[in-house]
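Topology and contacts: notes
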Amino acid sequence: MPEPITLFTTIPGQAVPAAEVELFDPPMCCPTGLCGPALDQTLLDVSEMIMALQRENLRVARYQMTSHPNAFLSNVDVMKLVREKQMEALPITVVRGTVVKVGAYPSVAEIHTALNGTAS
Amino acid sequence: MTQFVFFSGKGGVGKTSMACTHAVRYADEGQRTLIVTTDPASNLADVFEQTIGHQVTPIAGVKNLWAMEIDPDTATQEYIDRALSPLRAAFPAQMVRVMEEQMSGPCTAEVAAFDRFTDFIVQDKTFPEFDLIIFDTAPTGHTIRLLELPAEWSQSIDAASAGSGQTCIGPAAAIQDAKHKYENALAALRNEALSIFIFVLHPEAIAIRETKRAIGELGKLGIYTHRLIVNSIIPASEKINPLFAARSEMQARYLEQIKAELPYPTQRMTLLSGEIQGAARLRQVGKIFFDGESAPVDSETRTGKTVSVMTSSIKEIRARIEPNGQRRTLFFAGKGGVGKTVASCLTAVWLAQQGHKTLLLTTDPAAHLGDVLGQPVGDAPAPITGLQNLWAVKIDPKAAAETYKARILNDARQRGRPESAIKVIEEELDSPCTEEMAAFDQFIDYASQADWEAVVFDTAPTGHTMRLLELPMDWSQQIDVKVFASVEGNAADDVAKQRFGQVIAMMRDPAQSTFAFVMYPESTPILEAWRAAQELATVGIYPGLVVANFVIPPVQVTPFAQARRNMQVKYLAEIRTRFNTPVLEIPLLPQEVKGLEMLAELGWLAYGDEVHQAEPV
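Being a predicted model, the structure only gives us computed values, none of them experimental.

A tally of helices and strands in chain B yields 23 helices and 16 strands. Split into buried and exposed, the 617 residues of chain B put 49% on the buried side. In chain B, the share of contacts with a sequence separation of at least 24, taken over all contacts with a separation of at least 6, comes to 79%.

Here it is in structure tokens:
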């Protein structure tokens, strides 16, 4: 058996500051659904929402189980939801470390409300 | 430092034989040598007459020699296991299952096989025990794509980290940390002190063009070839045999062309009267190739027992070719270089002459449909000049990807998506998987078109073809487990799924579809086709016809030609025992097949009435 795959370990010295908005996506071939035979418009909306948030200088991160398992594993609340509700839990939206939406993607307004509510 | 030797060239040119001959020679000289094949339809085991498989295996009777066949399925499973092992404990079983299903898609297979391939090239602690690693690579088009991947992926990863942090590589989205590995692999390939590329080719027009193209493609990647082996040169003693004399003259012209247009160090290898199998035979071939010894006529073959060859009736064969009240779809499958293109062209020409509206198309990235037809074939179906009812088209993966991208971007624009969003989509579509996906999408398109009476596919070489054909099954499975963010996405996928379902049903129905396996009567092509047929059987598809190509006419004047004929007779009988289908024989011709006139003549010979069949070529 070959040695375990090293793809999931983080490169030392490349620690990224935690994002203000984190999206824990359901499993998809690719984040916009472009790999499938048809475009998923909701995922395109999400992609546009993220760009809008980035224009406000907010850091946004998206994670999938297969590509970013450590992001899931290191968030206790997210893992609790995943264990309880399994697939139904995804997508999960986390704003400044707090889960704000479960099972559906948020709107820009919802993100703003959450950001204002937790404004520091 | 371990050195690398890559054998490249069109399938069927003797790449594996030459790679094995080199491997045995170097091993005998005391170099610890590993020979690796990345061809999904490998025949390394056939040449060494022993089981090899997906691990480094010592070769019996040759000290210092080991071999390995990279099996894409095993590589994929290993890759998935390695990737998922840390997740099994943490995630609920249902989610692990979904991840596993997701990683079973076509992208992972490509990533995994490639990952395994680079493991050998990267100069680390992985294989310090070998002085030399020889790669018996996959046929040209596929090889190039494999070698192109490091460059594309490095770019893909760069683009991803600069842009949205997303790539369409799917399960390989996590390859960020593996980037250095791919860069190292490419650096090793570019280092002339470490890597040698040997192109094996026949002295034929198509082979010369393909070799030039392949060398050009490698040049674009900063890889420069070092050597050529021109194989299967007809011995001078055969000039008294009219069939071989004509072919020998043709070869002489092409040898001149090679000298002029491919100015690289070139070695020549003579056509042998018998096959190349087993260590002893490989050593003998080594003496012919490296030391210039003359090739003996294989005595065993010369005294080979006479087997009467039963021929299939034209009626039997035509029943598998002609439309039967509904559209007929024909797939010509088989190893590269066996004559798939010629078989599909002559069939399409004959069908068109019978008055059937026929579409001829290729899914082979290294297609030479236009060379055989004698007129260019583009990436949109166009009527063939000089023959009614015949249209032809080439599915070029790169062109298909452009069309596919344009369609998706246009759709997004029409829905009023802002340019910034379009740019993100565009970036995502610039990934190696898009080509595969787009070529498949076009394949499905043509496979579902109702306005043809006959559709003739000149398919890609075996392993690649199987993957392409299995994709519909993979996708329906994929769609079953895919989790959707919107109802609209779900509905669109249902439509796609239905479309795939129809194509699968069509491919399984012998009244509508015929899988014709093309091979020449020799051990390796028969075994490869046989394995491919077994693979197809697992998806409910069975061969309907075998085309035996390059058949030497029964009576030959020289011992050499008679030895080759006897060898073929043995294998023509084996074809009949292995495949329960009619067998269409196409004779070895004194010149290359080119142009509609010659194709029409061959079409008559193959499918015309019995009187025509009896006439000599």
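Residue and element names in this part refer to chain B. Within the open sheet, the eight strands sit side by side as 3-4-2-5-1-6-7-8. Their pairing is mixed. The open sheet terminates on both sides in strands that have one partner only, identified here as strand 3 (57–58) and strand 8 (266–270). Relative to strand 5 (residues 132–136), strand 2 (residues 33–37) runs parallel, the two being bridged by five bridges. The residue of strand 5 that forms the bridge with I35 is I134. Contacts from helix 1 (residues 15–28) reach strand 1 (3–8), strand 2, strand 4 (65–69), strand 5, strand 6 (195–201) and strand 7 (227–233) within the one sheet, and its direction differs from that of strand 5 by about 165°.

Residues and elements named next belong to chain A. In this model, L90 is joined to P91 through a cis peptide bond whose omega is 0°. With respect to the secondary-structure elements, P91 resides in the loop between helix 3 (76–85) and strand 3 (92–95). Positioned with a positive phi, N57 is a non-glycine residue whose angle comes to about 65°. Along the chain, the position of N57 falls in the loop between helix 1 (41–55) and strand 2 (60–63). Its identity is not glycine, yet R96 carries a phi of approximately 45°, on the positive side. Within the secondary structure layout, R96 lies in the loop between strand 3 and strand 4 (98–102).

All names here are of chain B. Mean pLDDT over chain B works out to 79, with 76% of the residues at or above the 70 mark. Low pLDDT (under 50) marks residues 139–144, which in the prediction has 20 contacts with non-local residues, meaning those over four places away or in another chain. For residues 156–176, every residue scores under 50 in pLDDT, and the model assigns this stretch 53 contacts once sequence neighbours within four places are set aside. The complex model carries a pTM of 0.69, and its ipTM stands at 0.72.

Further remarks concern the nonpolar core. Residue and element names in this part refer to chain B. Membership of the largest hydrophobic core comes to 90 residues, with the highest contact counts inside it found for C345, L346, V349, A392, A516, F517 and V547. A total of nine residues in this core trace back to one element, the largest contributor, which is helix 13 (residues 340–353). Residue contacts for C345: discarding those within four places in its chain leaves L360, V372, L373 and L599.

All names here are of chain B. Most of strand 14 (residues 513–519) is tucked away, with seven of its seven residues classed as buried. Residues S513, F515, F517 and M519 line one face of strand 14 and the alternating positions T514, A516 and V518 line the opposite face, and both faces are buried. Bridge count for strand 9 (residues 328–333) against strand 14 is five bridges, and the pairing is parallel. Bridge assignment links F331 to a residue of strand 14, and that residue is F515. The pairing of strand 14 with strand 15 (residues 543–551) spans five bridges and is parallel.

Two numbers describe a pair of packed helices, the interaxial angle and the distance between the axes. Residues and elements named next belong to chain B. Where helix 1 contacts helix 10 (residues 279–291), the two axes come as close as 9 Å, and the packing angle between them is 90°. On the basis of their axis angle, the class for helix 1 and helix 10 is roughly perpendicular. The residues of helix 10 that touch helix 1, namely those facing C20, T21, V24 and R25, are A279, L282, R283, V285, G286, F289 and F290. Each residue belonging to the contact of helix 1 with helix 10 can be placed in one class, and the counts come to seven nonpolar, two polar and two charged.

Right, let's get into the sheet that holds strand 3 of chain A. Residue and element names in this part refer to chain A. Spatial strand order, 2-1-3-4: four strands in an open sheet with mixed pairing. Only two strands of the sheet have a single neighbouring strand rather than two, namely strand 2 and strand 4. Sheet twist, expressed as the average angle between the axes of neighbouring strands with direction ignored, equals 20°. Across four bridges, strand 3 lies against strand 4 in antiparallel orientation. Residue pairing for strand 4: T93 is matched across the bridge by K101. Helix-sheet contacts for helix 3 involve strand 1 (21–24), strand 3 and strand 4, and the interaxial angle to strand 4 is about 30°. On the sheet, helix 4 (residues 108–117) packs against strand 1, strand 3 and strand 4 and is oriented at approximately 35° with respect to strand 3.

Scoring rules and cut-offs
Residues numbered from 1 in each chain as written. Chains lettered and ligands numbered in written order. Predicted model: local features only at pLDDT ≥ 70, side-chain atom pairs only at ≥ 80, totals over all residues. Helix = DSSP H or I, 4+ residues; strand = E, 2+ residues; numbered from the N terminus. Buried ≥ 20, exposed ≤ 12 C-beta atoms within 10 Å, placed from the backbone. Contact = placed C-beta atoms within 7 Å. Pairing = 2+ DSSP bridges. Axes fitted to C-alpha atoms, helices over the stretch in contact; angles between N-to-C directions. pLDDT = per-residue confidence, 0-100. Core = buried A, V, L, I, M, F, W, Y, C linked by C-beta atoms within 7 Å. Parallel < 35°, antiparallel > 145°, perpendicular 65-115°, else oblique. Nonpolar A, V, L, I, M, F, W, Y, C, P; charged D, E, K, R; others polar.

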